[in-house]
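Notes for the structure review
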Amino acid sequence: MSAPVGTRQTPEDQAEYHTWTGKARGWLLRRLPADKLLPEDQPSYVASWIYVFGMGAIVSLVFILVSGVVLSLNGPSWYHVSGLGHFVNSVHLWSVELFFMTMVIHLWGKYWMAAWRGGRTLTWITGMGAFLVSIVTAFTGYLLQTNFDSQWIAFEGKDALNSAGIGAWFNVANLGQIFMFHIILLPVAVGAVVALHVVLVRMHGVVPPLEAAESDAQLQPGANTESTEAGR
Amino acid sequence: MRGLFDLVTSLDSPGIYLGWGSFQIQLGNLIVIILMVVLFLLALVLPFPSGRKRK
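If you're wondering where the values come from, they're calculated on a predicted model, not measured in any experiment. (Residues numbered from 1 in each chain as written. Chains lettered and ligands numbered in written order. Predicted model: local features only at pLDDT ≥ 70, side-chain atom pairs only at ≥ 80, totals over all residues.)

1. Examining the overall build of chain A
The criterion, for reference: The secondary structure listing takes helices from DSSP runs of H or I that are at least 4 residues long and strands from runs of E that are at least 2 residues long, numbered from the N terminus. With C-beta atoms placed from the backbone, a residue is buried if 20 or more other C-beta atoms are within 10 Å of its own, exposed if 12 or fewer are, and partly exposed between those counts.
Of regular secondary structure, chain A possesses nine helices and zero strands. Taken from N to C terminus, the helices and strands of chain A fall in the order α-α-α-α-α-α-α-α-α. When the 232 residues of chain A are sorted by exposure, 20% land in the buried category.

2. Notes on the nonpolar core
All names here are of chain A. To keep it simple, the criterion reads: Defined on buried residues, the nonpolar core groups Ala, Val, Leu, Ile, Met, Phe, Trp, Tyr and Cys residues joined through C-beta atoms within 7 Å. Start and end positions for the domains come from either an automated domain assignment or a database one. We call two residues in contact when the distance between their C-beta atoms, placed using the backbone, is within 7 Å.
With 18 residues, the main nonpolar core has Ala57, Leu61, Phe99, Val190 and Val194 as its most contacted residues. Elements represented by at least two residues in this core include exactly helix H4 (52-74), helix H6 (83-112), helix H7 (121-143) and helix H9 (175-204). Of all the elements, H9 adds the most residues to this core, at six residues. Shared between two domains, this core holds at least three residues of each, these being domain 1 (46-103) and domain 2 (114-207). With sequence-adjacent residues up to four places away left out, Phe99 is seen in contact with Ala57, Ser60, Leu61 and Ile64.

3. Considering the pairing of strand E2 (residues 23-26) of chain B
Each regular strand carries side chains that alternate between the two faces of the sheet. All names here are of chain B. Note the following rule: Whether two strands pair comes down to DSSP finding at least two bridges between them.
Sheet topology note: the strand E1 (residues 17-20)/E2 ladder contains four bridges and is antiparallel. Among the inter-strand pairings, Gly19 is bridged to a residue of E2, identified as Gln24. Connecting E1 to the next strand, E2, in antiparallel fashion are two residues, including Gly21 with a positive phi near 65 degrees.

4. Section: the domain arrangement of chain A
All names here are of chain A. To be explicit about the condition: Each residue is assigned to one class: nonpolar for Ala, Val, Leu, Ile, Met, Phe, Trp, Tyr, Cys and Pro, charged for Asp, Glu, Lys and Arg, and polar for all the others, Gly among them.
Domain boundaries in chain A define domain 1 (46-103) and domain 2 (114-207). Here the C-alpha centroids of domain 1 and domain 2 sit 16 Å apart. Every element with two or more residues in the side of domain 1 that touches domain 2 is listed here: H4 and H6. The element contributing the most residues to the side of domain 1 that touches domain 2 is H4, with five residues. Considered class by class, the residues forming the side of domain 1 that touches domain 2 number eight nonpolar, two polar and no charged.

5. Re the confidence of the model for chain B
Residue and element names in this part refer to chain B. The condition is simple: Confidence of the predictor at the level of single residues is captured by pLDDT, which takes values from 0 to 100.
Per-chain confidence: chain B averages 82 in pLDDT, with 69% of residues scoring 70 or above. For chain B, helix H1 (residues 2-9) is the element with the lowest average pLDDT, namely 64, and helix H2 (residues 27-45) is the one with the highest, namely 95. Predicted complex metrics record ipTM = 0.77 and pTM = 0.82.

6. Observations concerning H6(A)
Helical periodicity: at 3.6 residues per turn, an α-helix aligns residues three or four positions apart in one direction. What counts here: Any helix carries an expected span of 1.5 Å times its number of residues minus one.
With 30 residues, H6(A) ought to run about 44 Å at 1.5 Å a step, and its terminal C-alpha atoms sit 44 Å apart, in line with that. Of all the residues in H6(A), the buried ones are Val88(A), Ser95(A), Val96(A), Phe99(A), Thr102(A), Met103(A), Ile105(A), His106(A), Gly109(A) and Lys110(A). As for H6(A), its buried residues are in contact with H4, helix H5 (76-79) and H7 of chain A together with H2 of chain B. Two residues or fewer after H6(A) comes Ala114(A), characterised by a positive phi angle close to 50 degrees.

This is the structure:
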């Protein structure tokens with residue numbers, strides 16, 4: 001099998017594998033060699049603030065997950081009544097606010113860059129998937145406030161979900177079910193989709209600007225980003 | 001002024017709603033959207049720090 005466009009030839013390309021484990025290793029190493037997975041440098045066009053918001057969303061997600069773990073270990077009888085509990089609860093909420101703000105600004109930037117170009121369709125789709133799964137996760141979080149707000153949201157939302165035919169399976173008035181969705185299933189889903197999105201960004205590289213000439217040295221297959229840093 | 005601050009920051013109040021015709025939005029949501037647009041525009045125009053010297 002020939003190497004995909006944009007990857008450099010490595011000894012892995014010529015190696016022959018006979019087992020499924022070896023073939024899987026060869027497939028992975030061809031598409032995601034170590035210098036792509038953890039690059040030393042990025043192309044010069046990445047030196048812009050508009051590229052910061054994707055990483056901002058990831059940092060926010062880390063804060064969400066860590067504060068969420070602390071909340072789940074201590075439980076509502078802690079975070080509803082103690083000062084530290086209120087603080088960690090607020091960190092969880094405001095990390096979500098920052099997560100959505102940075103993610104949507106990242107989405108705006110990538111939309112106007114037409115970031116699905118150059119075989120990056122799946123990168124775009126996984127980004128949209130992360131956005132949609134995050135909305136569902138945040139919705140279940142609002143249902144877990146155990147106050148009049150969450151009661152209101154649940155009993156407004158149930159009609160929409162019932163009309164979509166999933167109300168019996170995803171019952172927003174069932175606190176136990178929503179709790180499990182929020183602290184187990186949906187965080188795993190968000191984490192998996194975001195991880196796949198980041199791996200795809202590493203595989204295909206950051207999308208070049210629309211005005212970049214096709215002859216740009218940084219867009220050529222096997223371009224060494226270190227050698228192009230002089231243009232910065 | 002204190003009363004307005006309490007109204008904006010209180011979690012118990014329904015919040016302040018602004019409306020133009022059939023369009024209605026909560027003040028907090030409007031502030032967040034404006035902040036996001038400002039951050040987006042600043043990211044496009046502000047120069048990025050050059051960082052360490054490279055070869």
